[in-house]
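The chain contents come next:
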Amino acid sequence: MQLFPNLFSPIQIGKTTVKNRIFMPPLSTNLAEKGYVTDALIEHYSNRAKGSVGLIITEVTTVEPVYTYLPGDMSIYDDSYIPGWKKLVDAVHQYDTKILSQLFHPAGISMDACA
Ligand SMILES: Cc1cc2nc3c(=O)[nH]c(=O)nc-3n(C[C@H](O)[C@H](O)[C@H](O)COP(=O)(O)O)c2cc1C
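About the cut-offs
Residues numbered from 1 in each chain as written. Predicted model: local features only at pLDDT ≥ 70, side-chain atom pairs only at ≥ 80, totals over all residues. Heavy atoms only, no water. Helix = DSSP H or I, 4+ residues; strand = E, 2+ residues; numbered from the N terminus. Buried < 20%, exposed > 50% of the residue type's maximum accessible area, 1.4 Å probe, protein only. Pairing = 2+ DSSP bridges. Near = heavy atom within 4 Å. Polar contact = N/O pair within 3.5 Å; in protein donor to acceptor, adjacent residues only side chain to side chain. Areas by Shrake-Rupley, 256 points an atom, 1.4 Å probe, with all protein chains shown as cover. Nonpolar A, V, L, I, M, F, W, Y, C, P; charged D, E, K, R; others polar. Phe/Tyr/Trp six-rings, centres within 6.5 Å; stacked < 30°, edge-to-face > 60°.

(A) Inspection of unusual backbone geometry at higher detail. Even without glycine at this site, Ser-52 takes up a positive phi of about 85°. Positionally, Ser-52 belongs in the loop between α1 (39-50) and β4 (55-62). The class for Ser-52 is partly exposed, based on a relative accessible area of 34%. Backbone geometry places Asp-96, a non-glycine residue, at a positive phi of 60°. Structurally, Asp-96 can be placed in the loop between α2 (82-93) and β6 (98-104).

(B) Fine view of the pairing of β4. A large share of β4 lies buried, amounting to seven of its eight residues. As defined by bridge partners, strand β3 (residues 23-24) adjoins β4 across two bridges and the pair is classed as parallel. Residue pairing for β4: Met-24 is matched across the bridge by Ile-56. Note that β4 and β6 share six bridges and pair parallel. Of the residues in β6, the one forming a bridge with Leu-55 is Lys-98.

(C) Here's a closer look at the site of the ligand. In the neighbourhood of the ligand, the contacting residues comprise Pro-25, Pro-26, Leu-27, Ser-28, Glu-59, Val-60 and Gln-102. Between an oxygen atom of the ligand and a main-chain N or O atom of Pro-26, the distance comes to 2.7 Å. In this structure, an oxygen atom belonging to the ligand sits 3.2 Å away from a main-chain N or O atom of Val-60. About the coverage of the ligand: the protein hides 36% of its 620 Å² of free accessible area. Within the shell around the ligand, the residues separate by chemical class into four nonpolar, two polar and one charged.

(D) Quick peek at the packing of aromatic side chains. Going through the model one piece at a time under the given rule, you end up with three aromatic pairs. For the ring pair Tyr-36 and Tyr-81, a centre distance of 4.3 Å and an interplane angle of 20° mean the geometry is stacked. Taken together, the positions of Tyr-36 in the loop between β3 and α1 and Tyr-81 in the loop between β5 (74-75) and α2 put the pair 45 residues apart, joining distant regions of the chain. Judged by relative accessible area, Tyr-81 falls into the buried class, the value being 4%. Here Tyr-77 and Tyr-81 contribute two aromatic rings whose centre-to-centre distance is 5.1 Å and whose plane-to-plane angle is 65°, an arrangement assigned as edge-to-face. Linked through ring pairs, Tyr-36, Tyr-77 and Tyr-81 together constitute an aromatic cluster.

Written out as structure tokens, the structure reads:
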């Protein structure tokens, strides 16, 4: 008996088809630099994609500049972040892996709110 018979079957999520059921949950790395995608982040996520993850959900990605959570978190609150994200997404797509940003606002657990 096969334990997870559908594990390597594609799954449809809305308009998107994910190649298998292996999803990576959000795991903070603190590898961003002032919110920007770094080469280390690209290497980290593209290695996961190379290892056959179907869908990567990124670590927290902050959506506005005032309240930050951890200093190495990624951000996506203005267009200056687009080139880094484009490199990251392209690197992951090489392996036919989908990537979903975990949009995040720390609110009361922000380091700034605690200061
Ligand atoms: C080092 C570390 C970083 C994490 N970063 C995030 C994160 O950025 N966003 C989030 O929603 N969860 C985060 N988590 C929670 C993981 O997604 C969660 O542990 C994982 O989904 C497994 O679920 P479980 O701990 O209930 O077994 C983190 C967990 C760890 C251990």
